[in-house]
Amino acid sequence: MNKRAGIGFYIFLVIFVFLVMFPFIWVFLTSIKPVGEIFTSFSWFTSNPTVESYEAALTNRPLLRYMLNSFIVSTVTTILAVGCAAFASYAVTRLPIKGKGLFLGVVLAASMFPQVAVISPIFNIVTELGLRNSYTGLIIPYMTISLPLSIWILSTFFQKIPFELEESAKLDGASPFQTFRKIILPLATPGIFTTAILVFIAAWNEYLFALTINSDDVWRTVPVGISMYQSEYSVPWGDISAATVIVTIPIVILVLIFQRRIVSGLTSGSVKE
């Protein structure tokens, strides 16, 4: 018999959602305030809402160019990382290969390295290859930090697929690649989709590599571009708030459109019959 949630649950839910959304709400309310009120008043709402900060955010800096750079780098990184991780995860979890545990251990260890520990050698490699101030120069390091996470997540999903399906395909004469393409991939679609979303968001928000490798303003991504709004003597909080709202909207829309697939991927295999 199902029990209805009490009023306490809904009060807790409202408070929790408010706390989670508070930073974005505050940034949005700041973005529609006149510049003078931002520094002179600490009130939540303004009686004179304006879009001046949005106009300034789009005209003072090439924000749309930053967004295009982030979109290209994040998309290519996601496709390459998830594609390579899918093959690696299939080999580790489904094929009779020795040293699987050691391989996954190395992958896990690689994911634990902080970015600041590897930025120097990666910067030297990218510089020697002449890839600074380019999309490729960012995609390479993004791949290095995205692959370990992708392999671990996809390995979990691949392990939950019944081996009987793969054995039946082998009896029918299917090659390992045909089994991977026609059986494993369709069944692991929720996990692949979830992994792709996580990799895309991580690449979209990455700051350290983007700041170090792409120093030319034309090649900067969103996080670095927004940090460049401040000048030597002032910080235009209105412009920064408006830019933050603008660049957050695509991610929010992406998550809202595919929320069912994301939830399905995160909960896939969590309940056994």
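Residues numbered from 1 in each chain as written. Predicted model: local features only at pLDDT ≥ 70, side-chain atom pairs only at ≥ 80, totals over all residues. Heavy atoms only, no water.

Before going further, it helps to examine the overall build of the protein. Summing up its helical and strand segments, the protein has 14 helices and 0 strands in all. Starting at the N terminus and ending at the C terminus, the protein contains elements arranged as α-α-α-α-α-α-α-α-α-α-α-α-α-α. Projected onto its principal axes, the C-alpha coordinates of the protein cover approximately 75 × 65 × 30 Å. Here the protein holds 273 residues, and 36% of them are scored as buried. In the protein, the proportion of contacts linking residues at least 24 apart, taken out of those at least 6 apart, comes to 74%. One way to put it: in the protein the 17 positive side-chain charges average out to a point 13 Å from where the 14 negative ones average out. (Helix = DSSP H or I, 4+ residues; strand = E, 2+ residues; numbered from the N terminus. Buried < 20%, exposed > 50% of the residue type's maximum accessible area, 1.4 Å probe, protein only. Contact = heavy atoms within 4.5 Å. Lys, Arg positive; Asp, Glu negative; His and termini not counted. Charge placed at Lys NZ, Arg CZ, Asp CG, Glu CD.)

Counting across every chain of the model gives 2 salt bridges. Here Arg61 makes a salt bridge to Asp217, at a shortest N to O gap of 3.0 Å. With Arg61 in the loop between α3 (52-60) and α4 (63-94) and Asp217 in the loop between α11 (208-213) and α12 (222-227), the pair connects residues that are 156 residues apart, well separated along the chain. For Asp217, a relative accessible area of 23% puts it in the partly exposed group. Salt bridges sharing common partners tie together Arg61, Asp217 and Arg220. (Salt bridge = Lys/Arg side-chain N within 4 Å of Asp/Glu carboxyl O.)

What follows covers the confidence of the model for the protein. For the protein, per-residue confidence averages 82 on the pLDDT scale, and 92% of positions sit at 70 or higher. Counting interchain partners and residues more than four positions distant, the pLDDT-below-50 stretch residues 269-273 has 1 contact. (pLDDT = per-residue confidence, 0-100.)

Here we come to the UniProt feature "transmembrane region" (unreviewed entry) in the protein. The positions that UniProt labels "transmembrane region" (unreviewed entry) are, in the present scheme, residues 7-29, 66-90, 102-123, 135-158, 183-204 and 240-258. The straight-line gap between the two end C-alpha atoms of residues 135-158 is 31 Å; of that span, 100% is helix and 0% is strand. (UniProt positions renumbered as here; feature names shortened; annotations may be inferred.)

Here we come to the packing of aromatic side chains. Inspection of the entire model under this criterion finds 8 aromatic pairs. Ring geometry for Tyr90 against Phe180: centres 5.0 Å apart, planes inclined by 55°, an arrangement best described as tilted. Of this pair, Tyr90 sits in helix α4 while Phe180 sits in helix α9 (residues 176-187); the two residues are 90 residues apart in sequence, bridging distant segments of the chain. Since its relative accessible area comes to 6%, Tyr90 is described here as buried. On the basis of relative accessibility, which here comes to 3%, the residue Phe180 falls in the buried class. Note that Lys33 overlies the ring of Trp26, its terminal NZ or CZ placed 5.3 Å from the centroid. Here the guanidinium or amino end of Arg65 rests over the ring plane of Trp219, the centre of that ring lying 5.7 Å away. (Phe/Tyr/Trp six-rings, centres within 6.5 Å; stacked < 30°, edge-to-face > 60°. Lys NZ or Arg CZ within 6 Å of the ring centre and 35° of its normal.)

A separate point is the side chain of Thr195. Looking at the secondary structure, you find Thr195 in helix α10 (residues 189-205). For Thr195, a relative accessible area of 1% corresponds to the buried category. Among residues more than four places away in sequence, those in contact with Thr195 are Val82, Ser150, Ile153 and Leu154.

Looking now at the packing of α4 against helix α5 (residues 100-112). In contact at an axis separation of 9 Å, α4 and α5 are set at 145° when each is read in the N-to-C sense. Considering the relative orientation of α4 and α5, their crossing is left-handed. On α5, the residues touching Ala91, Val92 and Thr93 of α4 are Lys100, Phe103 and Leu104. Of the residues belonging to the contact of α4 with α5, the class tally is 4 nonpolar, 1 polar and 1 charged. (Axes fitted to C-alpha atoms, helices over the stretch in contact; angles between N-to-C directions. Left-handed = near helix turned anticlockwise from the far one by under 90°. Nonpolar A, V, L, I, M, F, W, Y, C, P; charged D, E, K, R; others polar.)

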